[in-house]
Amino acid sequence: MKRLMLKTLMAAMAVAAFGVVQAQERTLKFGLNGPEGHPAVAGMKKFKEAVEAKSGGKIKVSIFLNGALGSDQAVVSALKGGTVEMAVMNSGILASEAKELAIFDFPFLFANEKESDAIVDGPVGKKMHALLEAKGIVGLSYWELGYRHITNSKRAITKVEDIEGLKLRVIPNPINVDWVKALGANPTPLPFPEVYAALEQKAIDGQENPVSVIASNKFWEVQKHITLTNHQYNPQSVIFSKKVWDSLTPAEKKIIDESSDEAVKAQREAARGAVARNLDLLKQNGMTVSQFPAAEVDKLRTRMQPVIAKYSANVGEATVNEVMGELAKLRK
């Protein structure tokens, strides 16, 4: 028995040593268009820790925050060219590479984290990321930014009519412009780095983002009200340069895959655990927090139907039907 245990231990050590030996000295640049305190940072740090440990320090991960590697579009281009190895960004941004990913921008798609986890971690999520490979991008996993909410400097929002007339910043893509129009507000597409200044200068009345983003960017300094609308869920794609990926050894790919899996758990736990703390922080800094009544949410969903119908055609009916079918199974 002792001999068997010794052989098993030696075999395990040999496998571990083999993985380290096969890893070449390299540094992975990992970019995020967000600050320290952003929900993705916990995942990035866990990934760095795991990769460096599993590779015996041969593979190092350099984390770049606040868009230091460029805009999301610039980083995607750099990934394709192999000059940046990794990034994390909203999955919907990648719809310009694979139109099917735009389904993650559908308003009120998921009711809770159980549903979103099942979709992004299951066959649908894997299929979405597989579509990116032809464009020079490898999708490793999905993290989360969380559910999005509306803030503004004008008034507390407790009914649909309160949204009407507000000038709201939206992510610069067509579906976000259309759903804000459907609410009777005035959409203003802006890159995220320009949002704080636009709020401060009163060029816009408000914006919409997860609580963590609102808190980490100190929007309480330029916004008075937040309403918990839960109107969109933002999965974030952790993506890797296919050009670099194809140059890795099987052992290196295994290290990155395993580290990515470990980072998913750490990142989601950190993101979800921070929501209540961040809401308290917003309150402490003078923001009023309003809960959107269920009856008003139903009104919002009704207003969203033409938008969903329009973009179902763009995304592809097969993709929409597959996602809706999987959600229907989860809701039984």
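Now for a look at the structure at hand. (Residues numbered from 1 in each chain as written. Predicted model: local features only at pLDDT ≥ 70, side-chain atom pairs only at ≥ 80, totals over all residues. Heavy atoms only, no water.)

## Observations concerning unusual backbone geometry
The backbone of Lys 202 shows a phi angle near 65 degrees, a positive value even though the residue is not glycine. Within the secondary structure layout, Lys 202 lies in the loop between α7 (195-200) and β7 (206-210). Judged by relative accessible area, which is 55%, Lys 202 ranks as exposed. One non-glycine residue, Lys 218, adopts positive backbone phi at about 55 degrees. In this fold, Lys 218 is placed in the loop between α8 (211-216) and β8 (225-228). (Helix = DSSP H or I, 4+ residues; strand = E, 2+ residues; numbered from the N terminus. Buried < 20%, exposed > 50% of the residue type's maximum accessible area, 1.4 Å probe, protein only.)

## Considerations on the environment of Ile 59
Within the secondary structure layout, Ile 59 lies in strand β2 (residues 59-64). Assessed through its relative accessible area of 0%, Ile 59 is described here as buried. With 133 residues separating them along the chain, Ile 59 and Phe 192 place their C-alpha atoms 31 Å apart.

## Observations regarding the side chain of Arg 169
Along the chain, Arg 169 falls in strand β5 (residues 167-170). As a buried residue without a salt bridge, Arg 169 has its nearest oppositely charged side chain in Glu 208, at a separation of 5.0 Å. There is a polar contact of 2.8 Å between the side chain of Arg 169 and the backbone oxygen of Leu 190. (Lys, Arg positive; Asp, Glu negative; His and termini not counted. Salt bridge = Lys/Arg side-chain N within 4 Å of Asp/Glu carboxyl O. Polar contact = N/O pair within 3.5 Å; in protein donor to acceptor, adjacent residues only side chain to side chain.)

## Thoughts on the nonpolar core
Ranked by internal contacts, the top residues of the largest apolar core, which has 51 residues, are Leu 101, Ile 103, Phe 104, Phe 106, Phe 110, Ile 163 and Ile 239. Here this core takes seven residues from helix α11 (residues 294-315), the largest share from any one element. In this view, Ile 239 contacts Leu 79, Glu 85, Met 86, Ala 87, Met 89, Leu 94, Leu 132, Ile 137, Val 138 and Gly 139; residues no more than four positions away in its chain are not counted. Counting residues in hydrophobic clusters, the runner-up holds 26 residues, among them Val 61, Met 86, Trp 143 and Leu 248. (Core = buried A, V, L, I, M, F, W, Y, C linked by side-chain atoms within 4.5 Å. Contact = heavy atoms within 4.5 Å.)

## Considerations on helix α2 (residues 39-54)
Taking 1.5 Å of rise per residue, the 16 residues of α2 would be expected to cover 22 Å, and the 24 Å separating its terminal C-alpha atoms lies within 8% of that figure. Of the residues making up α2, those classed as buried are Pro 39, Ala 40, Val 41, Gly 43, Met 44, Phe 47, Ala 50 and Val 51. Two residues or fewer after α2 comes Gly 56, characterised by a positive phi angle close to 65 degrees. (Expected span 1.5 Å × (residues − 1).)

## A few points about the pairing of strand β3 (residues 86-90)
Among the five residues of β3, five are classified as buried, and the element is accordingly described as predominantly covered. Note that strand β1 (residues 26-32) and β3 share three bridges and pair parallel. Across the sheet, Phe 30 pairs through a bridge with Met 86, a residue of β3. Pairing of β3 with strand β9 (residues 233-241) involves five bridges; the strand directions are antiparallel. Paired with Asn 90 across the bridge in β9 is Gln 236. (Pairing = 2+ DSSP bridges.)

## Observations regarding the side chain of Arg 26
Relative to the assigned elements, Arg 26 resides in strand β1. One polar contact links Arg 26 to Glu 252, side chain to side chain, over a distance of 3.4 Å. Those residues in contact with Arg 26 that lie beyond four places of it in its chain are Lys 58, Ile 59, Lys 60, Val 244, Ser 247, Leu 248 and Glu 252.

## As for the packing of α2 against helix α10 (residues 250-284)
Where α2 contacts α10, the two axes come as close as 8 Å, and the packing angle between them is 150 degrees. Regarding the angle of α2 to α10, the classification is roughly antiparallel. Like other packed secondary-structure pairs, α2 and α10 cross with a definite hand, here right-handed. Judged by residue contacts, Pro 39, Ala 40, Ala 42, Gly 43, Lys 46, Phe 47, Ala 50, Val 51 and Lys 54 of α2 engage Ile 255, Ile 256, Glu 258, Ser 259, Ser 260, Glu 262, Ala 263, Ala 266, Gln 267, Ala 270 and Ala 271 from α10. Taken together, the residues of the contact of α2 with α10 break down into 12 nonpolar, four polar and four charged. (Axes fitted to C-alpha atoms, helices over the stretch in contact; angles between N-to-C directions. Parallel < 35°, antiparallel > 145°, perpendicular 65-115°, else oblique. Left-handed = near helix turned anticlockwise from the far one by under 90°. Nonpolar A, V, L, I, M, F, W, Y, C, P; charged D, E, K, R; others polar.)

## Quick word on the pattern of salt bridges
Here the structure, examined in full by the defined rule, presents 26 salt bridges. A salt bridge links Lys 46 to Glu 49, with the nearest nitrogen and oxygen atoms 3.4 Å apart. Here Lys 46 pairs with Glu 49, and both are found in helix α2, just three residues apart, close to one helical turn. Taking relative accessible area as the criterion, Lys 46 reaches 25% and is therefore assigned partly exposed.

## Notes on α11
Met 304 marks where α11 bends most, by close to 40 degrees; the proline Pro 306 follows one to four residues later. Of the positions making up α11, those classed as buried are Glu 296, Val 297, Leu 300, Met 304, Val 307, Ile 308, Tyr 311, Ser 312 and Val 315. Structurally, α11 contributes buried residues whose contacts are with α6 (174-182) and α12 (317-330). One or two residues past the end of α11 sits Gly 316, with phi positive at roughly 115 degrees. (Bend = angle between axes of the 7 residues up to and from the residue.)

## With respect to the packing of α11 against α12
The interhelical angle for the contact between α11 and α12, taken along N-to-C directions, is 115 degrees, at an axis separation of 6 Å. One finds that α11 runs roughly perpendicular with respect to α12. Facing α11, whose interface residues are Ser 312, Ala 313 and Val 315, α12 presents Glu 317, Thr 319 and Val 320. Class assignment of the residues belonging to the contact of α11 with α12 gives a composition of three nonpolar, two polar and one charged.

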